[in-house]
Each structure stands twice: as C-alpha cells, then as structure tokens.
Amino acid sequence: MARILVIDDNADLLDMMRLILAQRGGHQVVLSADPADGLSKALADPPDLAIIDVMMPGITGYDIVRRLREQPQTAEMPILILTARGQPIDRETALQVGADEHMAKPVMPADLLAKVDELLARRRGAPEEGAGRVLTLLSLRGGVGVSTLVANLAVVLAGGEPDVVALFDMNPASGQLALHLRVKAERTWASLRDTSPDPALLEQITTRHASGIHIVAAPFSPLYADRLTGPTVEAVLAFLRGRFEAVLVDAPPLLNEAAMAALNASDLIFLVLSPEVGAVQAALAALHALREVRERLFLVLNQVQERPPLPAAAVERALKRSPDALLPFEPAHRTALARGIPLALEQPQSPYVQALHKMAVTAIERLAASGG
Ligand SMILES: Nc1ncnc2c1ncn2[C@@H]1O[C@H](COP(=O)(O)OP(=O)(O)OP(=O)(O)O)[C@@H](O)[C@H]1O
Ligand SMILES: [Mg+2]
C-alpha cells in the first residue's frame, strides 16, 4: 500500500480515482481539486506518488511538476501525468518537465493500477533505495532438496512478515514448488510470450500464498519450457526485485541461457548437494562451470537420506572446499510436502529449520561483506 496524491480539478474524476486506487488498489489516497492546494500538500507531506492533471485553472500540471522537482523533498517523487491530452507531443512535454510517466484519459483501472505499481517499484528498485536481493538455489543433480529448501528458506527469511519474499520456480516440470506451498496458480510463467512482458502481466503471474509469500509458479505442463528465455527471466527478476526484499529462485538442474540469466542477476548462488557420489560429481561440475562467480557461491550440504552414503569429510575432500551450511536429515519433510505446508511454518523448532536460520544468518553476513 502506498500513499497517493491526486490533483485534478474534476470532482468526478477524483471520485473515480478514489474508487480505483483505494478500493481496488488498496492504496491510501489524498485528493485535491485545487492545484495550488495540491502543490502545497505535496510539498508539506510528500506522498509516495502523485497523479496530476494538466489543464487546471490558475496553475497547470506542468507547473506543479516543475515546482515539485525544484524542491529536494519531492525531487525524486514518482509523478504520473494523467491528462485528456494524449498526443505524442503532450507525452513529451510531460516527461520533459520532469514527470516519470504520462497516461491519457480515459484510462482503464487495471492499466492505471499497473502503472502505479510500476512507478512505485521503479522507485523502490532505484539503487539508492536498495533493491531486493536475488538468491538462486541450484543443483545440477535432481532430488537433493532444492525446492524444499526454497520453500522453507522463504518462510525463514520472511519471518512472519507478509509481502517481503517472492519465489520464482524456473523448473519446467510440473509446478513442484507451488505443490510445496499448495498454491493454486491461475497463471504461471507459461503466459510469458514476449521477451519484455508488461508489468500488468508480470503482476498476474505472481500468486500470493496465505503466508504472504508470493510465487511465480512453473506451469503444470512441461511443454512450455521454451517460454523461459534469458530476457524473460531478466524481466521476471527485475519485476520481483523491485517489489520484494528477497527473491528466491528455484533454478532448473542445468546451465542454459535462462538459468545463466538468473545466476547473473543473483546476489548469492546456493549450490546444493547431498552426501552422495552423483550429487558430488554434479557439484564439482557446477563449481567448475561457475568458477567466475566463485565469490557469490554458497555451498549447502543437505542430508536427504537418513544414512548418508558418503561421510561429510569425504565430500569436503572431493570438493576441496567445506560447505557453508549443513542441513540435517528431516523425516518430517515428507508429510510436510504431502500436506503442502513447509516445515518452517509448522515446526519452527525442528533441527532442519534451526539449521536454516543459521544458514540465513551466514548468507546475510556474506551479502553484507560483499557490499550488498
Ligand atoms: N533435509 C532433508 N531431510 C529429509 N528429506 C529431505 C530433506 N531435504 C529434502 N528432502 C526430501 O527429498 C525429496 C526431494 O526434495 P526436493 O523436491 O526439494 O528436491 P529437488 O532438488 O527440488 O528435486 P527436483 O530435482 O525434483 O526438483 C523430497 O521428498 C523432500 O521431502
Ligand atoms: Mg525441485
């Protein structure tokens, strides 16, 4: 929810804006029918975003934007010009005087809300504001517990706070991550056909779980794998990191163009393995292939079996590196998955979840040390 100031001399339009922004969008709305009053409101208590009309008695919307840009407290405030003047020259003028966006009336509520979200995200996503962190979890060997880890780490990182963590399931095979959370996703990334999807569509493919964790789910049908290209992955991640503090990526077990796009956008890459010879070989291959981003790699040894085929010491010898985190065997995962409730939500005291807390602290320290 954001605080949005609307300045427009048309009372009907203000009523409609209240309906769209407050009722539908859930934002807090401040309305002003008088341009001079609107300007002083904006300067006295800058909103998160201002929507301003152009043609008004006394002072135009363009003048208001210029005045706002002169003052430090509103110099960077997102401003949307919403006007009946819809010619290209009008748009150009709006941007030139310092508005961030221009939309022509009449506007569709969904388009307006999407634009508002985009502007707010752009603001949040601005580097000086601190964009969300992208954490990618990866294994080149299946079944080592990556998706389980993603779902539980999300719960741990959110710490009970809603709308701060998002998940992106890049695995094209049958929407497994949504299953971990029993999320019924109406839309998935299979809806992406365009390499630069617009924010409204990205919004639609993001499903909210009851816990307040959001997920861009993978399609149930494995036939859409090709829809995830490098550019679509970049677009999804840019969108999510603009809105959430942490974005966890469940990467596929390969290093194709889409996976590399995710890794390139990642602040930290969790390479997951289990103490088993196949998983060790896959980890060695990944460590070699990703040697150039070595300093962003975080090694996780997850004990998916009760009796590990290899002792931890043998794994370390083979990798010539000790894991950054150790996750213990946890039989309760099986029932957690069957019920679609991650262990971290129901059994926060379990040793696995406690180990995740410890891992999260180490990872956050690592991010801070790398200047992130
Ligand atoms: N620490 C653990 N202890 C016990 N079982 C675990 C542990 N971590 C994961 N598992 C179990 O291992 C199985 C595989 O887990 P998961 O689906 O998360 O792996 P994955 O690496 O995502 O696999 P996939 O390659 O299919 O995507 C699941 O049954 C899960 O409950
Ligand atoms: Mg998985």
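Residues numbered from 1 in each chain as written. Chains lettered and ligands numbered in written order. Predicted model: local features only at pLDDT ≥ 70, side-chain atom pairs only at ≥ 80, totals over all residues. Heavy atoms only, no water.

### Details of the sheet that holds strand β2 (residues 28-32)
Note the threshold: By this definition, two strands are paired if DSSP reports at least two bridges between them. Numbered from the N terminus, helices here are DSSP runs of H or I no shorter than four residues, and strands are runs of E no shorter than two. Between N-to-C directions, angles cover 0 to 180 degrees, with each direction set by a line fitted to C-alpha atoms, over the stretch in contact for helices.
Pairing is parallel in the open sheet, where five strands are placed in the order β2-β1-β3-β4-β5. Pairing within the sheet leaves two strands with one partner each, and these edge strands are β2 and β5 (101-104). Averaged over neighbouring strand pairs, the angle between their axes works out to 20 degrees when direction is ignored. In this structure, strand β1 (residues 3-7) lies alongside β2, joined through five bridges in parallel fashion.

### As for the domain arrangement of the protein chain
Stated precisely, the cut-off is as follows: Domain borders in the structure are assigned automatically or taken from a domain database. Note on contacts: a residue pair is in contact if any heavy atoms of the two residues lie within 4.5 Å. Buried area: the sum, over both parts, of the accessible surface (1.4 Å probe) that disappears when the two are put together.
As far as domains go, the protein chain holds domain 1 (3-128) and domain 2 (132-369). The gap between the C-alpha centroids of domain 1 and domain 2 is 38 Å. In this assembly, six residues from domain 1 lie in contact with five residues from domain 2. Carbon and sulfur atoms supply 52% of the area that domain 1 and domain 2 bury against each other, a total of about 460 Å² over both sides.

### Some remarks on the site of ligand 1
The cut-off we apply is this: Summary of the distance rule: residues count as near a molecule or strand when at least one heavy atom falls within 4 Å of that molecule or strand. Nitrogen and oxygen atoms within 3.5 Å of one another constitute a polar contact, given that in protein one can donate a hydrogen and the other can accept it, and given that sequence-neighbouring residues count only through two side-chain atoms. For accessible areas, the Shrake-Rupley method is used with a probe of radius 1.4 Å. Any residue's cover is judged against the shown protein chains and nothing else. Residues are called lining when one of their atoms sits within 4 Å of a cavity or pocket point, these points coming from a 1 Å grid over the protein atoms alone, where a cavity is a set in which a 1.4 Å probe fits but cannot get out and a pocket is an open set with protein on both sides within 12 Å along at least five of seven lines. Whether a molecule sits in a cavity or pocket is decided by its atoms, more than half of which must lie within 2 Å of the grid points.
Taken together, 16 residues sit near ligand 1, with Val 146, Ser 147, Thr 148, Asn 302 and Glu 330 positioned nearest. Within the contact set of ligand 1, an oxygen atom lies 2.9 Å away from a backbone nitrogen or oxygen of Gly 143. Contact between ligand 1 and Gly 145: an oxygen atom at 3.0 Å from a main-chain N or O atom of the residue. When ligand 1 is considered free in solution it has 630 Å² of accessible area, and contact with the protein chains removes 76% of it. One can see that ligand 1 is located within the second largest pocket.

### Description of the pattern of salt bridges
When charged atoms on two side chains of opposite charge get close, those side chains can pair. Condition: We count a salt bridge whenever a side-chain nitrogen from Lys or Arg sits within 4 Å of a carboxyl oxygen from Asp or Glu. Only protein chains enter the area calculation, which uses a 1.4 Å probe; residues under 20% of their type maximum are buried, those over 50% are exposed, and those in between are partly exposed.
Evaluation of the coordinates by the stated rule reveals 18 salt bridges. Here Arg 141 and Glu 276 are joined by a salt bridge, their closest N and O atoms 2.9 Å apart. With Arg 141 in the loop between β6 (133-138) and α6 (146-158) and Glu 276 in the loop between β11 (268-273) and α11 (277-289), this pair connects stretches of sequence that are 135 residues apart. Across the pair Arg 208 and Asp 163 runs a salt bridge whose closest N-O atoms are separated by 2.8 Å. In this pair, Arg 208 is assigned in strand β8 (residues 206-208) and Asp 163 in the loop between α6 and β7 (165-169), connecting sequence segments 45 residues apart. A residue is classified by how much of its surface remains accessible, and Asp 163, at 35% relative accessible area, is partly exposed. Three or more residues are tied together by salt bridges with common partners; here these are Arg 91, Glu 101, Lys 115 and Glu 118.

### Focus: the environment of Phe 244
By secondary structure assignment, the location of Phe 244 is in the loop between α9 (230-243) and β10 (246-250). Classification of Phe 244 by relative accessible area gives buried; the value is 8%. Residues contacting Phe 244, with those up to four places away along its chain left out, are Gly 132, Asp 163, Val 164, Val 165, Ala 166 and His 214.

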